[in-house]
Amino acid sequence: MSLHARLALWLGLSLALLFLLHGLVTERAPRITTEDYIATRLEHDAEWLAGSLHATEDGRVELDRAWIPPIYQRPGSGHYYLLRLGERLLLSASSEGRALPLPPSEGLHHERLPDGTPLLLLRHDLPDGDILLIAEGLGELNAHLSIFRGRFILISLALFALLLAAQFLLLRWALRPLRELREATERLGRGEIERLPEPHLRELRPLVAGFNGLLAQQAERLRRARHGLADLAHALKTPLSVLLASPSAQADPITRQALERIEGITQRELRRARWGSEEARQAVGIDAAAALDDLLMAMRRIHAARAIAFEAHAPASLPVRMEREDLLELLGNLLDNAAKWARSRVRVTLSGGAGEGLVAVIEDDGPGAEVERLNHAHRRGQRLDEQTPGHGLGLTIGREIVAAYGGQLHFERATGLGGLKVSVELPPRVE
Amino acid sequence: MRILLAEDDSTLARLLRDTLRGAGYAVDIAPDGIEADFLAREGLFDAVILDLGLPRRPGLDVLRDWRATGLDLPVLILTARDAWHEKIEGFRAGADDYLTKPFHAEELLARLSALLRRARGQAPGPLSVGRWRLDEASQEIRPADGPPVALTHFEYRLLRLFLLHPDRVLSRAWLEERLYDESHEGGSNVLEVLVNRLRGKLGRETIQTRRGQGYLFASGAGQP
């Protein structure tokens, strides 16, 4: 689950809960206030009506009609009273003969008329067991309140949606440094940059600084390891050169052969140590086209005496995720091998890209080689230099580097130039 | 021709010097970077064989310095550093060729010879001027219409210098500098003796004396 989704979910949920609680309270408030107000009015009317009771000459208690508020006299006004005096019932004119329900106790009650009209009803007990019921219909109020509620819900939903959208934008803005960091990491992977840029966000700075530090440390370690091995190679090779150049070795073929074998083993093992390390696969990206340019410059000088024409087909820039040393070693060995065997021409074609990995094809116009045997040598666990004299160490090294990067090496006859065609396919780096 | 060999391993340097002398080069040895730099700037050498792991001053630094100051004599790097990125570094510093240790003497000689040829703008292949062709392997001179003529070691050295600079007046001092290295104690008339012996083998007109200036190899002349 992404940070964005997680924040959006929990913020959204809490926002929804807040709206719900607020809505419940707000929705109830007008009803409570209004009913309180109605209850006060009912109490006043009850007091008024009770005060207008008086005894007639024949000893009966009666309501003084002049004192009755006109609203109780208009039929269907929604304001009613019922006076129970002993056995007698006095109904307001507005009641149109319908008796009010009698609640069991004194006080305020929600009741209904027989036709279902909701009422707020006050029972007011008078001395001598007489009862005054006074009520007001709630139909109109309910209708108003339901309109209010409808609008309230609509506005609330609109606000909620607006807040969600604002929250989404806010999250995107707040998380942008993370997104930029991710993009920078991808560019680092493609080799477009060498270290992560300093982020604007203070919280991210130590993280990025730590990462860059680690990157630099890694590069330094790799560099030191390689230099250490180069020093070792130097230390071993000079005495070996002395032995090879010495008159005794020149004179004795057995000594010379043994020295050449030692030489081969030294070179192979040093090479293997050089790129067999885990670092090879944590490589950052480099430009393969630039590396090829460097190599061709060297190739043209090394093979200057034989005037080999090197022909290159590559895009202007070709980012690949590889150690530069490894790529140079791979292409260098394959090109050198091709140049050794070529009569006059070597052609190299690079294609691919960050997403697709790298495809390199190297062809020469030399005598070619037994491609079947080259293609199957590794399956039988043989090394190419054991199998095919001459087409040897260079191809073996090429194969080992390709294997370290999880790629494929394929040999066939070059249809155009007629010699050997070596195809290298390196997959995009596994994340 | 005179070669500067910058190599810190004294055993290897001695063996290489013998090999190079055997192939007809005069050889001086510089055991460290500072000495190599000093000697190369004397202008006596036709080429440098440069080890990269030199004490006191790294070979690459020395080479970069030479190129930065316009010293353009041919340089062949001879080193144990055999990775391609190291070779590229070497070429970028201004090397003309690169050979990795351990190596075979034949390859070094072939590369050195090709390098010297290239530096003079000559086509690869056997050195030939006019009707003469020099065989570097057997150290013989072949005329176009006759049997090969055997040469002694110093005759071969001198003749190669003439063939590399045909139809040009070469001073005695210039020739002696390139014929011998610092260890050689040449007599005062050794050069004259050598020239006379070559005239005997190739014909009197081939090598002309320019009084007070030196000698000249005439590419068109010299019927035996």
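Reference entry: report on the structure contained in this document.

Reading guide: rules and limits
- Residues numbered from 1 in each chain as written.
- Chains lettered and ligands numbered in written order.
- Predicted model: local features only at pLDDT ≥ 70, side-chain atom pairs only at ≥ 80, totals over all residues.
- Heavy atoms only, no water.
- Buried < 20%, exposed > 50% of the residue type's maximum accessible area, 1.4 Å probe, protein only.
- Helix = DSSP H or I, 4+ residues; strand = E, 2+ residues; numbered from the N terminus.
- Pairing = 2+ DSSP bridges.
- Contact = heavy atoms within 4.5 Å.
- Buried area = accessible area lost by both parts, 1.4 Å probe.
- Salt bridge = Lys/Arg side-chain N within 4 Å of Asp/Glu carboxyl O.
- Nonpolar A, V, L, I, M, F, W, Y, C, P; charged D, E, K, R; others polar.
- Axes fitted to C-alpha atoms, helices over the stretch in contact; angles between N-to-C directions.
- Core = buried A, V, L, I, M, F, W, Y, C linked by side-chain atoms within 4.5 Å.
- Patch = residues over 30% accessible without salt bridge, like charges linked within 9 Å, V, L, I, M, F, W, Y side chains within 5 Å.
- Areas by Shrake-Rupley, 256 points an atom, 1.4 Å probe, with all protein chains shown as cover.
- Expected span 1.5 Å × (residues − 1).
- Arc of directions from axis to C-beta.
- Parallel < 35°, antiparallel > 145°, perpendicular 65-115°, else oblique.
- Phe/Tyr/Trp six-rings, centres within 6.5 Å; stacked < 30°, edge-to-face > 60°.
- Lys NZ or Arg CZ within 6 Å of the ring centre and 35° of its normal.

## Quick notes on the pairing of strand 7 (residues 131-137) of chain A
Residues and elements named next belong to chain A. Counting buried residues in strand 7 gives six out of seven residues, a clear majority hidden from the surface. Both strand 3 (residues 79-85) and strand 7 contribute to a ladder of six bridges, which runs antiparallel. Along strand 7, the bridge assignment pairs tyrosine 80 with alanine 135. By the bridge criterion, seven bridges tie strand 6 (residues 118-125) to strand 7 in an arrangement that is antiparallel.

## A word on the interface of chain A and chain B
Across the boundary between the two partners, chain A contributes 35 residues, which contact 31 residues of chain B. Buried surface at the junction of chain A and chain B, summed over both partners, amounts to about 2900 Å²; 61% is from carbon and sulfur atoms. Linking chain A to chain B there are two salt bridges. Notably, a salt bridge pairs arginine 92 of chain B with aspartate 294 of chain A, separated by 2.6 Å at the nearest N-O pair. Every element with two or more residues in the side of chain A that touches chain B is listed here: helix 4 (205-245), helix 5 (247-251), helix 6 (253-275), helix 7 (288-302) and helix 8 (324-341) of chain A. Ranked by the residues each element gives to the side of chain A that touches chain B, the list is headed by helix 4 of chain A, at ten residues. Its residues assigned to classes, the side of chain A that touches chain B comprises 15 nonpolar, eight polar and twelve charged.

## Side note on the sheet that holds strand 8 (residues 140-143) of chain B
All names here are of chain B. Taken together, four strands build an open sheet; the order of strands is 6-7-8-9 and the sheet is antiparallel. Both outer strands of the open sheet, strand 6 (127-129) and strand 9 (149-150), are each paired with one neighbouring strand and no more. Alignment of strand 6 against strand 7 (residues 132-135), held across three bridges, turns out to be antiparallel. Looking at the pairing, serine 128 lines up with arginine 133 of strand 7. Sitting on the sheet, helix 6 (residues 153-164) is in contact with strand 6, strand 7, strand 8 and strand 9, with an inclination near 130° to strand 7.

## Observations regarding the sheet that holds strand 12 (residues 214-217) of chain B
Residue and element names in this part refer to chain B. An order of 10-12-11 is seen for the three strands of this open sheet, with the pairing classed as antiparallel. Across the chains shown, the open sheet's two edge strands, defined by having one partner strand only, are strand 10 (169-170) and strand 11 (207-210). With four bridges connecting them, strand 11 and strand 12 associate as antiparallel partners. Looking at the pairing, arginine 210 lines up with glycine 214 of strand 12.

## Regarding the pattern of salt bridges
One pass over the full model with this rule turns up 38 salt bridges over all chains. We note a salt bridge from arginine 2 of chain B to aspartate 28 of chain B, for which the minimum N-O separation is 2.7 Å. Placement of the pair is arginine 2 of chain B in strand 1 (residues 2-6) and aspartate 28 of chain B in strand 2 (residues 26-30), with a sequence separation of 26 residues. The exposure classification of arginine 2 of chain B matches that of aspartate 28 of chain B, with both residues buried. The shortest N-O distance in the salt bridge between arginine 57 of chain B and aspartate 65 of chain B comes to 3.1 Å. Connected via shared salt-bridge partners are Glu311, Arg345, Arg347 and Glu363 of chain A.

## Let's talk about the nonpolar core
Core analysis: the biggest nonpolar cluster contains 70 residues, and Leu327, Leu335 and Val346 of chain A have the highest contact counts within it. Looking at this core element by element, the count peaks at nine residues for helix 7 of chain A. With sequence-adjacent residues up to four places away left out, valine 346 of chain A is seen in contact with Ile308, Ala309, Phe310, Glu311, Leu335, Ala338, Ala339, Ile362, Glu363 and Asp364 of chain A. Leu20, Leu99, Leu194 and Ile207 of chain B belong to the second largest nonpolar core, which has 48 residues in total.

## Remarks on a nonpolar patch on the surface
Residue and element names in this part refer to chain A. On the surface, Met1, Leu9, Trp10 and Leu13 cluster together into a nonpolar patch covering about 500 Å² of accessible area. Within the element layout of this structure, methionine 1 appears in the segment before helix 1 (3-51). Residue classification places methionine 1 among the exposed positions, given a relative accessible area of 74%.

## Some thoughts on helix 3 (residues 176-190) of chain A
Residue and element names in this part refer to chain A. If you check helix 3, its first and last C-alpha atoms are 21 Å apart, about what 15 residues at 1.5 Å a residue would give, namely 21 Å. Where helix 3 is concerned, the buried positions are Pro177, Leu181, Ala184, Leu188 and Gly189. Projected down its long axis, helix 3 carries its buried residues within an arc of 145°, all on one side.

## Thoughts on the packing of helix 7 of chain A against helix 4 (residues 84-93) of chain B
Where helix 7 of chain A meets helix 4 of chain B, the axes come as close as 9 Å, and the angle between the chain directions of the two elements is 75°. When the interaxial angle is binned, helix 7 of chain A and helix 4 of chain B end up roughly perpendicular. Here Asp294, Leu295, Met297, Ala298, Met299, Arg301 and Ile302 of chain A of helix 7 of chain A come into contact with helix 4 of chain B, specifically with Trp84, Lys87, Ile88, Phe91 and Arg92 of chain B. Looking at the contact of helix 7 of chain A with helix 4 of chain B, its residues break down into eight nonpolar, no polar and four charged.

## With respect to the packing of aromatic side chains
All names here are of chain B. According to the stated counting rule, one finds six aromatic pairs over all chains in the structure shown. Look at phenylalanine 154 and tyrosine 180: their rings are 5.6 Å apart centre to centre, the planes differ by 45°, and that puts the pair in the tilted class. In this pair, phenylalanine 154 is assigned in helix 6 and tyrosine 180 in the loop between helix 7 (172-179) and helix 8 (190-202), connecting sequence segments 26 residues apart. Cation over ring: arginine 131 sits above tryptophan 132, and NZ or CZ is 4.7 Å from the ring centre.

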